[in-house]
Amino acid sequence: MKKNMITGSKLWSIAMITSLLAACSSPATTSTTANAATSTTGTTKTVSVSEQTSVKYADLVSLDADDTNISWSEADSTAIKLNGTTATVTGSGAKAANGSVTISEAGTYVLSGELTDGQIVVNVADKGTVHLVLNGATIHDNDSAAIYIQKAGKAVITLEKGTKNTVSDGKTYVYADATTDEPDAAIFSKADLTFNGAGQLTVTGNYNEGITSKDDLKIISGSISVKAADDGIKGKDMVAIQAGTITIEAEGDGIKSTNDTDTTKGFVAIAGGTFDIQSGNDGIQAETALVADGGTYNIVTGGGSANAPAKVEEGPFGGGGGGWGGGTPPTDMGTPPDGEPPADMPEMPNNGGTNAGANTNGAAASSSANATATTDSNADADTATTATESTSAKALKAGTDLTVNGGTYTIDSMDDSLHSNNNVTVNDGTFNIESGDDGIHADQALTINGGTITIAKSYEGLEGAIITLNDGDVDVTASDDGVNAAGGETETAANTTASTGSATTATDATTTSNISVTETTGTTSTTDQASQGTTANQQGRGPGGMGGAAASNNEFHINGGFLTVNAGGDGLDSNGSINMTGGTVIVNGPTDNGNGALDYDGTFEISGGYLVAAGSSGMAQGTSDASTQNTIVMTFPATQKAGTLVHVQDSEGNNILTFAPAKDYQTVVVSSPDLKKDGSYVIYSGGTSTGKAVDGLYTDGTYSGGTQVVAFQSTSNVTWVNESGVTTANTGMGGPGGGGQGGFGGGRNRSQSGTTSDSTGTTDSAK
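Q: Explain the overall build of the protein chain to me, please; I cannot follow it from the model alone.
A: Tallying secondary structure elements over the protein chain gives four helices and 63 strands in all. The buried share of the protein chain, reckoned over its 767 residues, is 60%. In the protein chain, the proportion of contacts linking residues at least 24 apart, taken out of those at least 6 apart, comes to 64%. Approximately 26,700 Å² of the protein chain is accessible, and the part contributed by carbon and sulfur atoms is 46%.

Structure, rendered in structure tokens:
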């Protein structure tokens, strides 16, 4: 996440990089690309956090014969002919008086004509089923609901095929007394309410809501258009939609369920249909679960993403206890490149003369600032975000679990596009998303098992406490973090008890997540980040490492699929760890040095798949030393222009990487099954490729015409390289900001874990 702060013009302009060696200008040899982006599955691990991940419409909704009954005949029904302010009833069970019609017996009633100021009231004492057939009916009531189901076992409204029907109310209601607030919708039911048929219905709720049921609300079929002063379609115990064409223009929520006292109710379940929803607040909102099996959706909330409140980042010392160099550095980020802070780097605040880093014993120094614990339950623990947000304007929103099994979704939301206060599972579907906040957000687990997801605009693309990508094609564009594994727990600063001089004691203040993570392999994947945080805190920090939050239990798992990220902030960001076993990941990271293409506080272990991440160099991270698949991290001597090819090949000319980053970059991380721990490689810049590029990554074809930057031999599973060859340093790179690794030298001090070599492989311990 970007940390907004003022820096001197020289802060990032000096230091670690020199001009290219003469050898770097030699032309590239020609090599043939051989499926560099081929996905390697590895050992697939499925992180299951919710029993609801495979729930479908049929699991929640059952229909009876009345729900689907659209038949009627003149012989077995009562005809109600509407005429201005009067009505004529032919048959039994209903009476017309004072401009209104009261139905008192179960049965079928066929309504036609126009009622200009009156009400259809259903009041059936025996709780039977009342079947209303709208056969070309226009019903308006100036001061109450036009159709009021006061009492019945169930009410079924059939829209007769080939007919157009209209129901509306006035802007002001007249109630019996000041304590009465029902009805409050143009169509209002205290009983279960079902719509079916093949006709059309237009509902205008001028007073408050369009259609409301205080029990179950089901839509089996029909074309229904609702315009409402508040919510469009509302059911208490459930809203179940099997099919139909539904158009909603609502100042409040489009579709919603409201039962918040029974966890088995209050859900929205959709099997299919066509939806066009424009809402001031949430598009479709479930108090508990929201399940969508299919359908076509066009949803605009809150005026769209362009209407979202601006996000203002606090800095330089705000957010997650960060400031310069932020929190506990990653426990294992591979061997970073050389780098010392510039001589003219501004002096860090010392909290009244006390060093904010570690003392000679490795324990955090005592200070009033460090002794204060910070609690952050926000979904983004890195940075405090200031935004004026008076309403919830999410497109799909669930109080518990949101499950999407299919469908086509075009969403332009002021707030999150998909949101759950618990878990989000996407099993399939096609999504085109523009969000004023998160593209997809889960307070707990976000799992993607398939589908095609394009998040063309967002503040943060994917966010959840535990994020798992098992399959699917995901393309994320974010002004801040592309993927952010954060939240879902209470995080307490690791240096809460710094005044005791015990870093080990400090980690006891970290509250672990209550998420239960189960893997299909029978092993748990949740990393004990608290203990890792202890290890990191016991090791010294370099300049700028003003402590922050310890690595949390947040996790990002990549087991398959294709993920492309274009992020203004961090590309892949985890407040805990990242684990990759398969799939293909392409990251076009930040251009500013306050963020990184990869940003994790725990570990990034990769055992399979293909990873390429390009971005700025200020906070660059690679994968972890514990990885079983090899990685190269290349830092160029100067920023490379967007579209400039970076090409990596082995000593035999086999392609490892040919990639054209979408933005300016200085560091590139590549991990491939084809990389060998002791392999020899050459990196080129520029040139062209005859291959086919997908999101900038070339497969097949021939690369030529580039300039050789460096040739080197890998000696570890994470090899850091600059123009001079393999390089190591004893501190982590760092940048300004909280929650992540340290600032200049903000990482832990540790012994060098790899062999330091120049471009010819000669050991040079001074490098």
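Q: For this particular structure, what's the right way to read the pattern of salt bridges?
A: Side chains that differ in sign of charge can pair as their charged atoms come close. The full count for this structure, using the stated rule, is 12 salt bridges. Across the pair Glu209 and Lys234 runs a salt bridge whose closest N-O atoms are separated by 2.8 Å. Of this pair, Glu209 sits in strand β16 (residues 209–213) while Lys234 sits in strand β19 (residues 233–235), placing them 25 residues apart in sequence. With respect to burial, Glu209 and Lys234 carry one shared label: buried.

Q: Just to check I follow, could you spell out the packing of aromatic side chains for this structure?
A: The way to describe two aromatic rings as a pair is by their centre distance and the angle between their planes. In total, this model carries 11 aromatic pairs according to the counting rule given. Ring pairs connect the aromatic residues Phe275, Tyr297, Tyr409 and Phe431, which therefore count as one cluster. Between the NZ or CZ atom of Lys311 and the centre of the ring of Tyr459, over which it lies, the distance is 5.2 Å.

Q: I would appreciate a short explanation of the environment of Gln666 in the present structure.
A: Considering the arrangement of structural elements, one finds Gln666 in strand β55 (residues 665–671). Judged by relative accessible area, which is 11%, Gln666 ranks as buried. Distance from Gln666 to Thr639, taken between C-alpha atoms, is 4.6 Å for residues 27 residues apart in sequence.

Q: Would you explain the pairing of strand β39 (residues 460–469) in this entry?
A: Put simply, side chains in a regular strand alternate between the two faces of the sheet. Within β39, 10 of the 10 residues are buried, which leaves it mostly tucked inside the rest of the structure. Summarising the sheet, strand β37 (residues 438–448) and β39 pair through eight bridges and their orientation is parallel. Note on β39: the bridge partner recorded for His441 is Glu463. Two strands pair when backbone bridges link them, and β39 and strand β41 (residues 483–485) are joined in this way by three bridges, in the parallel orientation. Bridged to Gly464 within β41 is Ala485.

Q: I tried to follow the environment of Thr116 on my own but got confused; where do I start?
A: Tracing the chain through its elements places Thr116 in the loop between β7 (107–115) and β8 (120–123). C-alpha of Thr116 to C-alpha of Ser168: the two residues are 52 residues apart in sequence and 9.7 Å apart in space. Other than its neighbours up to four places away in sequence, Thr116 contacts Gly84, Thr85 and His140.

Q: I tried to follow unusual backbone geometry on my own but got confused; where do I start?
A: Negative phi is the rule for most residues except glycine; trans is the rule for most peptide bonds. With an omega of 0 degrees, the peptide bond between Glu182 and Pro183 qualifies as cis. Here Pro183 is to be found in the loop between β12 (164–169) and β13 (185–189). Located in the positive-phi region is Asn98, a residue other than glycine, with phi close to 55 degrees. With respect to the helices and strands, Asn98 occurs in the loop between β5 (94–97) and β6 (100–103). By relative accessible area, which is 83% here, Asn98 ends up exposed.

Q: When you look at the pairing of β8 in this model, what are you seeing that I'm missing?
A: Pairing of β6 with β8 involves three bridges; the strand directions are parallel. Within β8, the residue paired with Thr102 across the bridge is Val121. Two strands pair when backbone bridges link them, and β8 and strand β10 (residues 147–151) are joined in this way by four bridges, in the parallel orientation. Note that in β10 the partner of Val122 across the bridge is Ile149.

Q: Please explain the confidence of the model for the protein chain as it appears in this structure.
A: The predicted coordinates ought not to be read in detail in places where the model reports low pLDDT. Per-chain confidence: the protein chain averages 78 in pLDDT, with 69% of residues scoring 70 or above. Here residues 1–52 scores under 50 on pLDDT; set against residues more than four positions off or in separate chains, the count is 165 contacts. For the stretch residues 490–549, pLDDT sits under 50, and the model shows 179 contacts to residues farther than four places along the chain or on other chains.

Q: What should I look at first to understand the side chain of Thr635 in this one?
A: Counting through the fold element by element, Thr635 comes out in strand β52 (residues 631–640). Within the local environment of Thr635, its side chain forms a polar contact with the side chain of Thr667, the two groups lying 3.4 Å apart.

Q: Is there a simple way to think about the side chain of Thr644 in this case?
A: Mapped onto the elements of the fold, Thr644 is located in the loop between β52 and β53 (646–650). Among the polar contacts listed, one links the side chain of Thr644 to the backbone oxygen of Lys641, at a separation of 2.9 Å. Sequence-distant contacts of Thr644, defined by excluding residues within four places in its chain, comprise Phe659, Ala660, Pro661, Tyr665, Ser685 and Gly686.

Q: What is the right way to read the environment of Ile558 from this model?
A: Within the secondary structure, Ile558 is located in strand β44 (residues 555–558). Taking the C-alpha atoms as reference points, Ile558 and Gly609, separated by 51 residues in sequence, lie 8.6 Å from one another. Excluding residues that lie within four positions of it along the chain, Ile558 makes contacts with Leu469, Ile578, Asn579, Met580, Thr581, Gly582 and Val585.

What counts and how
Residues numbered from 1 in each chain as written. Predicted model: local features only at pLDDT ≥ 70, side-chain atom pairs only at ≥ 80, totals over all residues. Heavy atoms only, no water. Helix = DSSP H or I, 4+ residues; strand = E, 2+ residues; numbered from the N terminus. Buried < 20%, exposed > 50% of the residue type's maximum accessible area, 1.4 Å probe, protein only. Contact = heavy atoms within 4.5 Å. Areas by Shrake-Rupley, 256 points an atom, 1.4 Å probe, with all protein chains shown as cover. Salt bridge = Lys/Arg side-chain N within 4 Å of Asp/Glu carboxyl O. Phe/Tyr/Trp six-rings, centres within 6.5 Å; stacked < 30°, edge-to-face > 60°. Lys NZ or Arg CZ within 6 Å of the ring centre and 35° of its normal. Pairing = 2+ DSSP bridges. pLDDT = per-residue confidence, 0-100. Polar contact = N/O pair within 3.5 Å; in protein donor to acceptor, adjacent residues only side chain to side chain.

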